Amino acid sequence: QTAVGTSSIGSLELHSGFWQNFGESHLCGDVDGSKQIDIADAVYLVNYIFGGGPEPLPFKMNGDVDCSGLVDIADAVYLVNYIFGGGAAPCAAC
């Protein structure tokens, strides 16, 4: 299916105008692909943003946990706040 914009339905995510199936195992905020959200995900994002580390898995925008449209330091701070500060869970719209 072709469309314009960003969206998701279940395990389907819209990227570059085409629906792609990333399976039911996709967990917004799990940027290192470990199937859980923990401090390693925030460290992974910091390494990606500042250290030239690999992109978030399974695709770059999985690191956009605050759904701002960008993968930046605010996403790492969001994860730290979620993990240690009782902040909101990574956005379901990611």
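Look above for the structure.
Residues numbered from 1 in each chain as written. Predicted model: local features only at pLDDT ≥ 70, side-chain atom pairs only at ≥ 80, totals over all residues. Heavy atoms only, no water.

K.L.:
Which parts of the structure should I look at to understand the side chain of Asn62?
P.N.:
Inspection of the secondary structure assignment puts Asn62 in the loop between helix 1 (39-51) and helix 2 (73-85). A distance of 2.9 Å separates the side chain of Asn62 from the backbone oxygen of Asp30, its partner in a polar contact. (Helix = DSSP H or I, 4+ residues; strand = E, 2+ residues; numbered from the N terminus. Polar contact = N/O pair within 3.5 Å; in protein donor to acceptor, adjacent residues only side chain to side chain.)

K.L.:
For this particular structure, what's the right way to read helix 1?
P.N.:
Because the α-helix completes a turn every 3.6 residues, residues three or four places apart line up on one side. Compared with the 18 Å implied by 1.5 Å per residue over 13 residues, the 17 Å span of helix 1 between its first and last C-alpha is a close match. Restricting attention to buried positions, one finds in helix 1 the residues Asp41, Ala42, Tyr44, Leu45 and Tyr48. End-on view of helix 1: buried residues confined to an arc of 160°, all on one side of the axis. Residues of helix 1 that are exposed and angled more than 90 degrees away from the buried face: Val43, Phe50 and Gly51. Downstream of helix 1 by one or two residues, Gly52 has phi in the positive range, about 70°. (Expected span 1.5 Å × (residues − 1). Buried < 20%, exposed > 50% of the residue type's maximum accessible area, 1.4 Å probe, protein only. Arc of directions from axis to C-beta.)

K.L.:
Would you take a moment to explain the nonpolar core for this structure?
P.N.:
Soluble globular proteins tend to bury their nonpolar side chains together. Residues Val31, Ala42, Tyr44, Leu45, Tyr48, Val65, Val71, Ala76 and Leu79 constitute the largest nonpolar core, which totals 9 residues. For this core, the secondary structure elements donating two or more residues are helix 1 and helix 2. With 4 residues, the top contributor of residues to this core is helix 1. When residues no more than four places from it in sequence are discounted, the contact partners of Leu79 are Gly29, Ile37, Asp41, Ala42, Leu45, Val65 and Pro90. (Core = buried A, V, L, I, M, F, W, Y, C linked by side-chain atoms within 4.5 Å. Contact = heavy atoms within 4.5 Å.)

K.L.:
Quick question: what am I supposed to make of unusual backbone geometry here?
P.N.:
Negative phi is the rule for most residues except glycine; trans is the rule for most peptide bonds. In this chain, Leu57 is followed by Pro58 through a cis amide linkage whose omega measures -5°. Mapped onto the elements of the fold, Pro58 is located in the loop between helix 1 and helix 2. One non-glycine residue, Cys67, lies in positive phi territory at about 55°. Turning to its location among the elements, Cys67 is positioned in the loop between helix 1 and helix 2.

K.L.:
It is not clear to me how a nonpolar patch on the surface should be interpreted in this structure. Could you clarify?
P.N.:
Residues Ile39, Val43, Val80 and Phe84 make up a contiguous nonpolar surface patch of about 370 Å² in total accessible area. Secondary structure elements with two or more residues in the nonpolar patch: helix 1 and helix 2. Mapped onto the elements, Val80 comes out in helix 2. The class of Val80 is partly exposed, set by a relative accessible area of 34%. (Patch = residues over 30% accessible without salt bridge, like charges linked within 9 Å, V, L, I, M, F, W, Y side chains within 5 Å. Areas by Shrake-Rupley, 256 points an atom, 1.4 Å probe, with all protein chains shown as cover. Salt bridge = Lys/Arg side-chain N within 4 Å of Asp/Glu carboxyl O.)

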